[in-house]
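# Understanding the architecture of this molecule
Now for the letters of each chain:
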Amino acid sequence: MWWPWTIFVLLLAILVYNYWIAKNSSNDEADIMLNKTYSYIIVGAGSAGSVLANRLSEDLGSSVLIIEAGGSEDENDMMNIPFMAGALQATKHDWAFRTMPQKHACFNMKGKKCTWPRGRVLGGSSSINYMHNTRGSRHDFDGWATEGAEGWSYKDILPYFIKSEDMQIPSLRNSPYHGIGGPLTVSDAKATPLSEIYRRGMQEMGYQVVDCNGEKQIGFCPGQETVKKAERWSTAKAFLRPAMTRPNLHVASNSYVTKILMKDKRAVGVSMIRNNVKHTITAEKEVIISAGAINTPQILMLSGIGPKEHLESLKIPLVANLPVGENLEDHINVHMSFRDNTCSAFSPSPMSFWKYNTFKSGPLGKTHAEGSAFLNDKDSVLPFAQLLFYSVTGFPSMDENFLNTLNLDPEVLERMYEASKNSSVKPGGTFVILCTLLHPKSRGKIRLKSIDPFDPPLIDPNYFDHPDDIKVLLKGIKQLLKLANTTAFRSVGASPWDPYDEYFYPLCKDFPYESDEYWICRVKYNLLAMYHTTSTCRMGAANDKTAVVDPQLRVRGVSNLRIVDASVMRHIPSGNTNAPTIMIAEKAADMIRGIDSVKHIREKTDHL
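Figured I'd write up the structure that's included with this text. Treat the numbers as computed from the prediction; the structure is a model and nothing was measured.

## Observations regarding helix α6 (residues 235–243)
With seven of nine residues buried, α6 is to be regarded as a mostly interior element. Those residues of α6 that sit buried are Thr235, Ala236, Lys237, Ala238, Phe239, Leu240 and Ala243.

Here you go:
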């Protein structure tokens with residue numbers, strides 16, 4: 001059987017060649033000579049920062065510097081491959097944060113600390129995420145406006161979603177809710193025959209098939225993914241790269257901002273480390289922090305903007321006493337595997353890599369997140385849970401290196417390996433569904449570990465601190481078990497019984513499988529974060545003591561300083577957070593420039 005080795009050697013040669021081409025054809029942003037002063041300084045080249053850099057540099061009369069702690073997205077060939085998102089965790093492109101030990105969750109993790117990957121690379125987390133494109137519910141944004149975030153209602157923000165988008169799904173290209181010709185490509189996530197099983201199962205339960213980014217969110221939503229021609233389409237590729245030829249935009253990668261420079265409560269620039277040398281860069285107009293919901297609070301607090309008592313305890317001079325790092329919200333989920341007698345779910349092989357690298361085709365060019373279902377109570381317009389359908393084989397067959405990135409307890413890992421051995425001799429395959437709690441009542445916080453800017457911050461999501469959270473997640477799990485018992489799911493051998501239950505959750509075996517006690521136990525041992533951190537610098541009205549920024553995203557009590565990223569979200573939206581973060585940056589760019597770039601779109605959407 002010589003041919004598998006031949007394929008492997010050929011695959012390796014292709015990967016090495018592609019890496020060499022990428023390395024030698026891309027500009028090294030770290031070598032760019034920087035000016036001493038720019039009109040705008042953007043800290044963080046992630047989902048929001050890359051959009052801002054593009055839009056602000058459209059004005060050739062303004063100079064823009066965007067600073068990124070990580071390197072180029074072209075340094076790792078795996079970053080382009082949609083299916084390989086998991087392989088990017090715990091690499092140099094990931095901040096690889098760990099939470100504080102949790103009291104009510106993460107029991108299967110070392111030290112009860114959950115992993116929190118965040119992108120440390122051009123494109124930020126859009127360069128390492130799973131590319132599932134959802135905007136949230138229109139009622140999320142109307143709720144923001146009702147609570148004092150004036151100008152952020154669904155009617156206000158819909159045109160900015162449309163502006164960004166280049167919709168490639170034929171059935172949605174003529175929808176008034178979608179855009180054509182924008183920088184961000186959105187394509188059909190259908191990858192396997194299982195997508196029809198998911199649809200039929202949800203219809204059996206009485207749910208409609210919907211475009212969850214359109215008129216209605218509740219129901220089964222076929223997957224939409226930020227993938228273009230079988231490649232990840234991050235904000236680095238969609239927004240930043242096309243703008244980097246402009247003479248008024250400089251990109252400083254591998255550059256670490258340590259502090260915002262202040263003068264008389266006015267942001268005047270930043271201090272950063274680049275090539276092991278300290279640099280001071282000043283801003284004529286604004287400093288804009290787009291470092292994400294974890295790093296943005298850290299930078300602010302290091303600069304004297306944050307809770308007074310916390311900063312005083314570290315002897316950091318106070319500039320503004322604001323609730324920075326408070327009100328942290330995150331989505332959490334529990335996953336479940338299902339039998340699949342058709343073996344339709346994907347598991348990578350040397351042949352699939354060869355096909356992708358040779359022809360840019362095949363299953364590696366899809367995320368395999370084939371759909372979502374948004375569940376609600378009859379008396380609520382907002383969904384309480386999201387089911388995310390992944391047509392990939394279950395955890396036991398996953399790569400050992402990927403499992404190690406999850407910070408799992410050694411005993412849990414050993415059980416997974418045991419499950420893998422036993423499952424390999426059983427016929428059929430598996431697929432995975434995640435059940436996500438969309439609107440947690442628990443609130444976490446971020447604090448500084450020390451005054452050293454290179455120390456990671458202290459992250460406490462405080463999962464399940466509010467007792468309602470686990471009750472609501474249980475409602476979602478029961479709906480998932482009901483789905484597993486539909487005719488559609490039974491037709492492929494699926495059932496409410498998780499085939500790996502006996503291996504993964506022995507500490508829960510004292511409780512009946514379908515009882516609340518069993519699932520409460522399992523959730524605490526099997527919780528996974530969705531890495532959708534928001535609201536740590538939330539927006540609000542002038543009299544809102546919980547707000548860090550006003551509805552124009554200006555930091556309260558400090559001039560020339562704005563925050564543009566997921567940290568300003570009033571609350572976490574009903575779905576994945578990448579698309580809403582891009583929308584925030586699009587709207588912020590208009591506010592900063594004092595223009596209305598979506599007037600022509602708004603004229604068509606005001607009635608929606």
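Here the narrative resumes.
## Things to note about the state of the cysteines
Scanning all chains against the criterion turns up three disulfides. Two residues, cysteine 106 and cysteine 114, share a disulfide whose sulfurs are 2.1 Å apart. The S-S bond linking cysteine 106 to cysteine 114 shows a torsion near -95°; that makes this disulfide left-handed. Per residue, the accessibility class of cysteine 106 equals that of cysteine 114, and both read buried. A sulfur-sulfur separation of 2.3 Å characterises the disulfide bridge that pairs cysteine 212 with cysteine 221. Since a negative S-S torsion denotes a left-handed disulfide, the cysteine 212-cysteine 221 link at about -55° is left-handed. Accessibility assignment for this pair places cysteine 212 and cysteine 221 in one class, buried. Across the protein, the way the bonded cysteines pair up, counted in sequence order, is 1-2, 3-4, 5-6.

## Overview of the pattern of salt bridges
All chains considered together, the criterion is met by 23 salt bridges. Note that lysine 92 is salt-bridged to glutamate 75, the shortest N-O span being 2.9 Å. Here the residue lysine 92 occupies a position in the loop between β2 (64–67) and β3 (97–98), and glutamate 75 occupies one in the loop between β2 and β3, the gap between them amounting to 17 residues. The partly exposed category is assigned to glutamate 75, whose relative accessible area is 28%. Several salt bridges converge on common partners, so that one network encompasses Arg55, Glu58, Lys163, Glu586 and Arg593.

## A look at the sheet that holds strand β5 (residues 165–167)
With mixed pairing, the three strands of this open sheet are ordered in space as β5-β6-β8. Looking at which strands have only one partner, the edges of the open sheet turn out to be β5 and β8 (224–225). Judged from the two bridges that link them, strand β6 (residues 184–188) and β8 form a sheet pairing that is antiparallel. Note on β8: the bridge partner recorded for serine 187 is glutamate 225. Strand contacts of helix α4 (residues 154–164): β5 and β6, with the helix running at about 65° to β5, the strand carrying the most contacts.

## A short note on the sheet that holds strand β19 (residues 385–390)
Strand pairing in a sheet relies on backbone hydrogen bonds. The paired strands run either parallel or antiparallel. Across the sheet, six strands lie side by side as β7-β18-β19-β20-β17-β23; this open sheet has antiparallel pairing. Each edge of the open sheet carries a strand with a single partner, namely β7 (219–222) and β23 (528–529). The pairing of strand β17 (residues 332–340) with strand β20 (residues 429–437) spans nine bridges and is antiparallel. Bridged to arginine 339 within β20 is threonine 430. Taken strand by strand, helix α12 (residues 467–484) contacts β17, β18 (369–375), β19 and β20, and its axis lies near 150° from that of β20. Packed onto the sheet, helix α15 (residues 516–526) meets β17 and β23 and runs at close to 105° relative to β17.

The rules behind each value
Residues numbered from 1 in each chain as written. Predicted model: local features only at pLDDT ≥ 70, side-chain atom pairs only at ≥ 80, totals over all residues. Heavy atoms only, no water. Buried < 20%, exposed > 50% of the residue type's maximum accessible area, 1.4 Å probe, protein only. Helix = DSSP H or I, 4+ residues; strand = E, 2+ residues; numbered from the N terminus. Disulfide = S-S within 2.5 Å. Salt bridge = Lys/Arg side-chain N within 4 Å of Asp/Glu carboxyl O. Pairing = 2+ DSSP bridges. Contact = heavy atoms within 4.5 Å. Axes fitted to C-alpha atoms, helices over the stretch in contact; angles between N-to-C directions.

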